[in-house]
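Survey of secondary and tertiary structure
Chain residues, written in single-letter form:
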Amino acid sequence: MPKVTMRVNGRQVSGEVEGRTLLVQFLREGLEMTGTHVGCDTSQCGACVVHVNGAAMKSCTTFALDLEGAEVKTIEGMAAADGSLGVIQQAFQDHHGLQCGFCTPGMVMSAAALLAENPKPTEAEVRHYLEGNICRCTGYHNIVKAVMAASGQDVSAIAAE
Amino acid sequence: MPKDGIGASTKRREDIRFLTGNGHYTDDINLRGQTYAVFVRSQVAHGKLNKVDTSTAAGMPGVLRVFTGEDFAAVGGVPCGWQVTDKHGKVMLEPKHPVLAQGKVRYVGDAIAVVVAETEAQARDAAEAVVVDIDELPAVIDMKAAVAGGPLVHDEIGSNLCYDWGFVEENKAATDAAFETAAHVTTLELVNNRLVPNAMEPRVAVGDYERSTGQHTLYTTSQNPHVIRLLMGAFVLGIPEQKLRVVAPDVGGGFGSKIFHYVEEAFVTFAAKVVNRPVKWTAQRSESFITDAHGRDHVTKIQLAMDKDGHFLALRTDTYANMGAYLSTFAPSVPTWLHGTLMAGNYKTPLIYVNVKAVFTNTVPVDAYRGAGRPEATYQLERVIDKAARELGIDPIELRRRNFVQPNEFPYQTPVAVVYDTGNYQATMDKLIEIADLAGFDKRRAESAKHGKLRGLGVNCYIEACGIAPSHLVGQLGARAGLYESATVRVNATGGIVVMTGSHSHGQGHETAFPQVIADMIGIPADSVEIVHGDTANTPMGMGTYGSRSLAVGGSAMVKATNKIIAKAKKIAAHLLEASDADIELKDGKFSVAGTDKSVDWGSVCLAAYVPHNYPLESLEPGLEETAFYDPSNFTYPAGAYACEVEVDPDTGKVKICSFAAADDFGNIVNPMIVDGQVHGGIGQGIGQALLESAVYDENGQLLSGSYMDYAMPRADDVPFYTVDHSCQTPCTHNPLGVKGCGEAGAIGSPPAVVNAVVDALQRAGHTSVTHIDMPLSPSRVWAAMQA
Ligand code: FES
Ligand code: FES
């Protein structure tokens, strides 16, 4: 089997993969990093979003073998070294932006990609950007609020906690 | 009083693991020596199963074994947990639901065979090589055709009519008579669209077997592991409880769809013993669409009789309710006891008669989905009231107010069996008018008109029966289980507490909210309390989480157990303080002797319980651990009023939700932040049902909306920020916390608000012939209505 080497959350990793092995399989099964989730088989739910070379990407539709030498970041790499939550993660907790937590890794990774390219998004921009991430629990209210709060905007006028 | 007790919006402790990728979901479990199961499923909706040829598949690389229906001929079918008796006193028809199909396939997705292999890819490849010989039979999809002589889904029961239920049968003649003489009758025919629950975590099951001890373990995505153990152990596989452990770890959403016992759970448990290795099955999303129990799917005619002033005199309904191809665990109860009993709504309607025909069709089984029966009741009632208001020329809010059960009329006996303990429907309506700024609607409508958009306002009320349920009552109604809940409260020697609950959290935040209650009762910080749930080996027998029951029933069990702890702790404190038990008071984590300055703190009492050197051993056992079971004496009745404003694009029919406001009465609230989140999520799902979602079958029984490309899930830009309020509180009178439950309200109350708003928009724009549009209100349906 061919071998692939990449950096995941700053750590060099390598493993044998089949040609058909998806990045999400490599992460979950090969590296036993189960924070990245699979919620669909048509590339539409966003539970699997990670960053590849700084850009948000659906790891369920990316072959591991294509990522030789790539820089991959997953939800496991979003907290600070001492384990404390990063700004976006903290905003999700503060504003109750998650319930069952299954969509959450993908949401956080998408939100991080959004804020990297648009540091002060409007409500409409957040909603539009997160179109590729489905959440069944929250009705999106607190997710949108959390992302706006993470960008440093005052969300106190938005109803409810 | 601890700062993180009852009423505090304490941030959720479980979030830390979910936000850092450390959640522990069933698919994250990989056991040593694990094998993989892939199902071969029927691609036709109805057919005679002649032969399943597994010979090629069995010889393929990595394949350990291929299972077919023959392997399961000797074990039981997947049982149904509720037996409904029809209006003639006849019990419902209850065909067997085999683990793997035997003789016939009955829906697209029906399980025919399973390959177990070393890797998932090998299992999938081999599953492709299983040759299935089926004689396709005509499928029956439409419910009315199914009962009018359509092809039989189950030949052996001789009918597609599962039951024909009348409720309350004794009211029928009087109800019909009231219609004869009423000044006005409003009639509405509508469809409550079939939905796919779509928890974001697909279902997963991992079976494990230890040959040396005969011990089975099932890890599964379940809302109620004890229920699965009971149903699967006793009825399907014949495994005694002590030899079967069921674990439901972190579960990624349920919404009802993970209540039920599914064949895949029985399969992996059975197969793990046969192959003597762990067996894992993970649903692909396309598999979830055709195997998770669907929701709703009612076709209803409702009629409301009124006097000339709009006072409700009588209500009658005729509903066809789809059961799908087999009876799922709680399916028969949904259109009957969770639907008929709610038809009084928030109103004083003296006579009500509900008829429900439950029908087998060649479709995925249908069962409880967020709200379960209560959204169907609310939708038809609140739609017919809106239509009646228009016909009578009475403001829809005024018509509702005129018929409300008044605040001084509780407890209120409805004509449909249930007794509402408490409520104040005027108050939630007043609150709604305020928070939704209904006074400003005309101005906003004029503003929309400037942009060429048609604005409409929809208002409705809802009531639901939660805190499911009094066991003696549901036993009479056909439930084959009790619906109590349990808790064990274990106090450790140094004063920390572990609560083992039969409730299960799959997003509801029990790990945070339950400790708040104990913190409040004892006066210790909430973070000294941990919650254990989801494992039959570690929790007392409990019925799990659904029907907005966790806090009302599970929380009550926890309060009961904690009260026992406090009573015993007081005895220990009395001994230590050399006082009488009756004089001991507990406040802020300290036991004191009334009227003195003598006290001992919580930690010292706990330590004494486990290091009983100075302890009344002759009259009191050491240790501090208590279990309680709580069986509610009534349902709880959350209620409220919702308002939705929409803009309709007259050129395309596209509906935009401009605002959504919810005024709910949930009784007392433990964690307002979590309650708000529950309401948001329910509203999101309700808007999804009203505008976007629909499980559509073609006439051959193929599910046309079987992926996220065809099934329109609500996404972030389909919904607005919501305005929610739960300051109107009439505490439940019969549970110790005074709580009612909040998990389903949003999904129950929101669809009629959206539809009422769209109809209002079209009416105001002069489309006066448009009195109803069936959900989902897609652009094409709304546009077509405008052209009529
Ligand atoms: S798993 Fe759904 S988009 Fe990747
Ligand atoms: S938190 Fe459950 S799907 Fe988003």
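Residues numbered from 1 in each chain as written. Chains lettered and ligands numbered in written order. Predicted model: local features only at pLDDT ≥ 70, side-chain atom pairs only at ≥ 80, totals over all residues. Heavy atoms only, no water.

**Let's talk about the nonpolar core**
For clarity, the threshold we go by: We define a nonpolar core as any set of buried Ala, Val, Leu, Ile, Met, Phe, Trp, Tyr and Cys residues linked to one another through side-chain atoms lying within 4.5 Å. Type-normalised accessible area, obtained with a 1.4 Å probe on protein chains alone, sets the label of each residue: buried when under 20%, exposed when over 50%, and partly exposed for intermediate values. Secondary structure elements follow DSSP: runs of H or I no shorter than four residues count as helices, runs of E no shorter than two count as strands, and numbering proceeds from the N terminus.
Of all hydrophobic cores here, the largest spans 191 residues; its most connected members are F92 of chain A together with V648 of chain B. Ranked by residue count, the leading element in this core is helix α18 (residues 745–764) of chain B, at 10 residues. Counting residues in each nonpolar core, the second largest holds 46 residues, with W602, A608, A609 and M673 of chain B among its members.

**A closer look at the domain arrangement of chain A**
All names here are of chain A. Cut-off, in case you're wondering: Where each domain begins and ends follows an automated or database-derived domain assignment. Summed over both partners, the accessible area (1.4 Å probe) lost when two parts come together is defined as the buried area. In the analysis that follows, any N or O atom pair within 3.5 Å is treated as a polar contact, provided that within protein one partner can donate a hydrogen and the other can accept it, and provided that, for residues neighboring in sequence, both atoms belong to side chains. The classification used treats Ala, Val, Leu, Ile, Met, Phe, Trp, Tyr, Cys and Pro as nonpolar, Asp, Glu, Lys and Arg as charged, and all other residues, Gly among them, as polar.
Considered domain by domain, chain A is made up of domain 1 (3–78) and domain 2 (87–150). A separation of 21 Å is found between the C-alpha centroids of domain 1 and domain 2. Carbon and sulfur atoms supply 65% of the area buried between domain 1 and domain 2, which totals about 1200 Å² over both sides. Sorting the residues of domain 1 by area buried against domain 2 places H37, I75 and M78 first, and these three jointly supply 39% of that buried surface. On the surface where domain 1 and domain 2 come into contact, there are six residue pairs in polar contact (both at pLDDT 80 or more). When residues in the side of domain 1 that touches domain 2 are grouped by element, the largest group, three residues, is from strand β3 (residues 49–52). Looking at the side of domain 1 that touches domain 2 residue by residue, the classes come out as eight nonpolar, seven polar and two charged.

**Focus on the sheet that holds strand β20 (residues 497–501) of chain B**
Strand pairing in a sheet takes place through backbone hydrogen bonds and is either antiparallel or parallel in direction. Residues and elements named next belong to chain B. Stated precisely, the cut-off is as follows: A strand pair is defined by DSSP finding two or more bridges across the two strands. An axis is simply a line fitted to the C-alpha atoms; with a helix, the fit covers only the stretch in contact. Between two such axes, the angle follows the N-to-C directions and lies from 0 to 180 degrees.
With respect to topology, four strands assemble into an open sheet ordered β21-β20-β19-β25, the strand pairing being mixed. Looking at the sheet topology across the chains shown, the edges are occupied by β21 (529–532) and β25 (625–630). Ignoring strand direction, the axes of neighbouring strands in this sheet form an average angle of 20°. As paired elements, strand β19 (residues 485–491) and β20 share five bridges and run antiparallel to each other. When the sheet's bridge partners are listed, V489 is paired in β20 with V499.

**A closer look at the sheet that holds strand β1 (residues 3–8) of chain A**
Residues and elements named next belong to chain A. Rules: Between two residues, a contact is recorded if the distance between any of their heavy atoms is within 4.5 Å.
Ordered in space as β2-β1-β5-β3-β4, the five strands form an open sheet in which the pairing is mixed. Edge positions in the sheet fall to β2 (11–16) and β4 (55–58), since each of these pairs with one other strand and no more. Ignoring which end each strand starts from, the neighbouring axes of this sheet average 40° apart. The sheet contact formed by β1 and β2 spans six bridges and is antiparallel. Bridge pairing in β2 places T5 opposite S14. The strands touched by helix α1 (residues 23–30) are β1, β2 and β3; relative to β1, the strand with the most contacts, the crossing angle is about 80°. Packing against the sheet, helix α3 (residues 104–117) makes contact with β3, β4 and β5 (71–73), and its axis sits at approximately 40° to β3.

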